[in-house]
Every structure is written in C-alpha cells, then in structure tokens.
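Below, each chain spelled out in residue letters.
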Amino acid sequence: MPNSIIMKHLLGIKELSPAKIGEILDTAANFKEVINRPIKKVPSLRDVTIANVFFENSTRTRLSFELAEKRLSADVINFSASGSSVKKGETLLDTVNNILAMKVDMIVMRHSSVGAPHFLAKHISANIINAGDGTHEHPTQALLDAFSVREKLGEIEGKKIVIVGDILHSRVALSNIFAFQKLGAEVMVCGPITLLPKHIRELGVKVELDIHKALQWCDVANVLRIQLERQQIKYFPSLREYTLYYGINKAMLDSLDKEIVVMHPGPINRGIELSSDVADSEHAIILDQVENGVAVRMAVLYLLAGQVS
Ligand code: CP
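Numbering of residues starts from 1 in each chain and follows the order in which that chain's sequence is written. In keeping with the predicted nature of the model, local features appear solely for residues at pLDDT of at least 70, side-chain atom pairs appear and are counted solely at 80 or more, and the whole-chain, interface and lining totals rest on all residues. Derived side-chain values reflect all non-hydrogen atoms in the structure, with water molecules and hydrogen atoms excluded from consideration.

Novice: I keep staring at the pattern of salt bridges and nothing clicks. Help me out?
Specialist: Should their charged atoms come close, side chains of opposite charge can pair. Salt bridges, as used here, are contacts in which a Lys or Arg side-chain nitrogen is within 4 Å of a carboxyl oxygen on Asp or Glu. This structure, assessed with the given rule, holds 10 salt bridges. Note that D26 and R150 form a salt bridge whose closest N and O atoms lie 3.0 Å from each other. Of this pair, D26 sits in helix α1 (residues 18-35) while R150 is found in helix α5 (residues 139-153), placing the two residues 124 residues apart along the sequence. Buried residues are those whose accessible area, probed at 1.4 Å on protein chains only, stays under 20% of the maximum for their type, while exposed residues exceed 50% and partly exposed ones sit between those limits. Residue D26 is classed as partly exposed on the basis of its relative accessible area, which comes to 41%. A salt bridge links K32 to E151; the shortest N-O distance between them is 2.7 Å. On the criterion of sequence distance, the pair formed by K32 in helix α1 and E151 in helix α5 is long-range, its members being 119 residues apart. Ionic contacts of the salt-bridge type, sharing partners, join the residues K32, E151 and E291 into one network. Helix and strand assignments follow DSSP, with helices taken as H or I runs no shorter than four residues and strands as E runs no shorter than two, numbered in order from the N terminus.

This is the structure:
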C-alpha cells in the first residue's frame with residue numbers, strides 16, 4: 001500500500017491535488033480487493049481510536065465510515081447530537097474536546113454549518129475528516145463517486161459528467177465539481193435556474209437548463225436529491241412540476257442515442273428526481289457507489305492515520 005500522502009485532515013476536495021486524489025483512489029482499489037476476501041479485516045489502524053461525530057442524520061456515510069474503521073481494526077466510538085449533551089447547550093468545541101479527552105486520535109464529523117470542520121482544525125490537534133458540512137463539501141462522497149466512475153468507465157479524463165438537480169443546496173455538487181475537474185472530466189450542471197448558484201459558471205462548469213440536452217451531452221449523470229429540509233423558500237411551484245421538467249425516467253434514457261451511467265449519492269426521493277425503473281436499472285451504479293464508499297473511506301483513514309499526532 002502506498003502511504004506517501006502528506007495530509008493531516010481531509011476538509012474538502014478543493015485543497016487536494018490531482019495526484020493526491022489519484023493516490024486515494026489507487027489505495028481504495030487495493031482496499032476493495034481486501035474487503036472482498038473471506039477475511040476482510042487488516043490490522044492497519046490497530047490502537048488508533050476514531051470518533052464518528054454526527055450532528056446531522058446519515059445512513060451511508062456514518063455506517064460506511066464505521067465499517068471502514070472496523071475493517072482497519074481501529075477502535076470506534078459513535079456520537080449523535082440527538083440524545084447528547086448538545087441538547088443541554090454544550091458547544092461544538094467543548095463537545096469535541098471532551099471526546100478527545102478520552103484519547104481519541106481522529107474525528108470524522110458531519111455538521112450542518114458550513115466550515116465547522118475547518119473551524120475545528122484550527123482548535124484541535126486530532127485529524128479531522130469532513131463527512132459533510134452544510135451545503136459546502138462532502139469530500140469522501142466525491143472520492144467514492146470518482147472511484148465508481150473510474151471503475152465503470154475505465155478512466156475519468158475526457159468524460160462528460162452532468163450533475164442534475166438541487167445544486168444550490170448540495171455539498172455533493174461542489175465536491176463533485178472539484179474532483180471531476182481535477183481528474184480531467186468536463187462538468188455540466190443542470191437544473192431549474194432557481195436551484196443553480198448565481199456564480200456557478202465561475203467554477204468552469206457548463207450550465208444547461210434542458211435536462212434532455214444535458215442527458216444527450218453526458219457520459220454520466222449524477223442526480224441529486226431535492227433537499228427540501230434546506231429550502232426555506234419555494235424554489236419551484238411543486239414537486240410534481242419539478243419531476244415533470246427534471247425527473248429522469250427510463251423513457252428518457254431509451255430516447256438517447258447512447259448508453260449513459262446514472263449515479264445518485266442517496267438517499268433517493270423515488271419518483272421525484274429518479275423513477276424506480278431508472279434507479280433499479282442496469283444504467284444505475286447507485287449501490288456500487290455505496291459499496292465503494294467503504295473502500296474509499298478505508299483509504300482516507302489509512303492515509304491520514306500516517307499523520308496521527
Ligand atoms: N450520500 C450520503 O451522504 O448519504 P447519507 O446522508 O445517508 O450519509
């Protein structure tokens with residue numbers, strides 16, 4: 001296994017060089033082979049203690065981090081804000097410092113506030129992995145997405161990737177844009193104009209409002225969830241109307257003159273952004289993304305653990 005990465009935290013994809021991303025993906029490929037063996041566990045992180053600190057709900061990210069940590073033989077503790085002393089008014093920094101007082105080496109954190117892991121990185125000495133900060137970044141999701149595209153199509157360089165839907169509220173969108181561009185893909189965003197950030201073109205992405213044109217252009221469509229919980233105002237008249245204009249169904253894919261790959265970070269709003277006949281079709285690699293999440297998170301943990309202080 002390579003272990004040359006010099007990186008104390010994983011806060012976002014923005015800070016990563018293409019070479020570092022490549023190193024993480026190559027390391028993940030090795031771990032994917034390991035976790036498909038009858039004996040899936042390796043001793044790499046024995047005596048390293050990791051806390052998964054989640055201030056927002058999660059299924060895939062929390063469970064795959066926990067599984068990745070256990071496959072690497074780390075000691076693991078899990079914290080959810082609901083049911084914790086956060087409810088009694090304890091601050092983020094006090095909460096994390098109390099967890100670290102129990103001799104924890106690494107923090108995996110999801111938080112609803114943009115920049116929460118960056119703030120922590122300035123105040124604590126443990127390694128921090130951003131498991132999603134508000135509408136900002138979700139770096140391990142982008143890494144597993146890149147890994148999944150590379151696995152499916154052989155390479156990312158030169159591929160056309162469209163990110164569809166609620167770009168405005170999505171941390172997956174920003175991390176995907178950074179990751180795919182750094183790896184040489186062309187990136188487009190497609191959605192209702194109200195769900196596209198005003199200055200999105202400054203990131204070097206193409207913008208397309210017509211989903212049919214976007215699907216005809218792309219090799220891969222990464223379809224995002226409409227994040228109603230982050231929408232304080234109405235961005236479109238109704239979910240029915242959103243589905244009418246931006247929902248992807250099998251008939252739309254069949255009308256293309258090529259095969260495309262469909263991705264979704266989950267959780268899916270079935271029947272809204274994706275119909276079930278697409279989500280469950282041979283076009284979709286949604287469960288491959290979830291499977292790859294364990295190997296990618298093992299790679300990130302392993303590479304950062306080389307920097308445990
Ligand atoms: N993709 C993703 O972050 O899913 P969870 O919210 O379930 O972790």
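Picking up where we left off.
Novice: What is the right way to read the environment of T135 from this model?
Specialist: Locating T135 in the fold gives a position in the loop between β4 (127-133) and α5. Residue classification places T135 among the partly exposed residues on the basis of a relative accessible area of 32%. Between the C-alpha atoms of T135 and I285, which are 150 residues apart in sequence, the distance is 24 Å. Two residues form a contact once any of their heavy atoms are found within 4.5 Å. With residues up to four places along the chain from it excluded, the contact list for T135 reads V114, L168, H169, S170, R171 and R230.

Novice: Honestly, the sheet that holds β4 in this entry has me stumped. Any pointers?
Specialist: Whenever strands of a sheet pair, they do so through backbone hydrogen bonds, lying parallel or antiparallel. Strand order across the open sheet formed by 4 strands is β2-β1-β3-β4, with parallel pairing between neighbours. Strands with a single pairing partner mark the edges of an open sheet, and in this sheet they are β2 (75-80) and β4. Put simply, the sheet's adjacent strands are angled 15° from each other on average, direction ignored. When DSSP finds at least two bridges between two strands, those strands are taken to pair. Pairing analysis gives 5 bridges linking strand β1 (residues 49-54) to strand β3 (residues 106-111), with the strands arranged parallel. Bridging from a neighbouring strand, F54 pairs with R110 of β3. Where helices are involved, their axes are fitted lines through C-alpha atoms of the stretch in contact, as for all axes, and angles between N-to-C directions lie from 0 to 180°. Running at roughly 150° to β4, helix α11 (residues 286-305) makes contact with β1, β3 and β4 of the sheet.

Novice: Can you walk me through the packing of aromatic side chains in this structure?
Specialist: Centre distance within 6.5 Å is the pairing criterion for rings of Phe, Tyr and Trp, where only the six-membered ring of Trp is used; planes under 30 degrees apart are then read as stacked, over 60 as edge-to-face, and the remainder as tilted. One pass over the full model with this rule turns up 4 aromatic pairs. Seen from their ring centres, F55 and F79 are 5.5 Å apart, and the 55° between their planes marks the pair as tilted. A residue pair is termed long-range when its members are at least 10 positions apart, and F55 in the loop between β1 and α2 (60-71) and F79 in strand β2 qualify at 24 residues. For F55, a relative accessible area of 18% gives the class buried. Ring plane angle 40° and centroid distance 5.2 Å describe the contact between F236 and Y242, whose orientation is recorded as tilted. Summarising the burial analysis for this pair, F236 and Y242 share the class buried.

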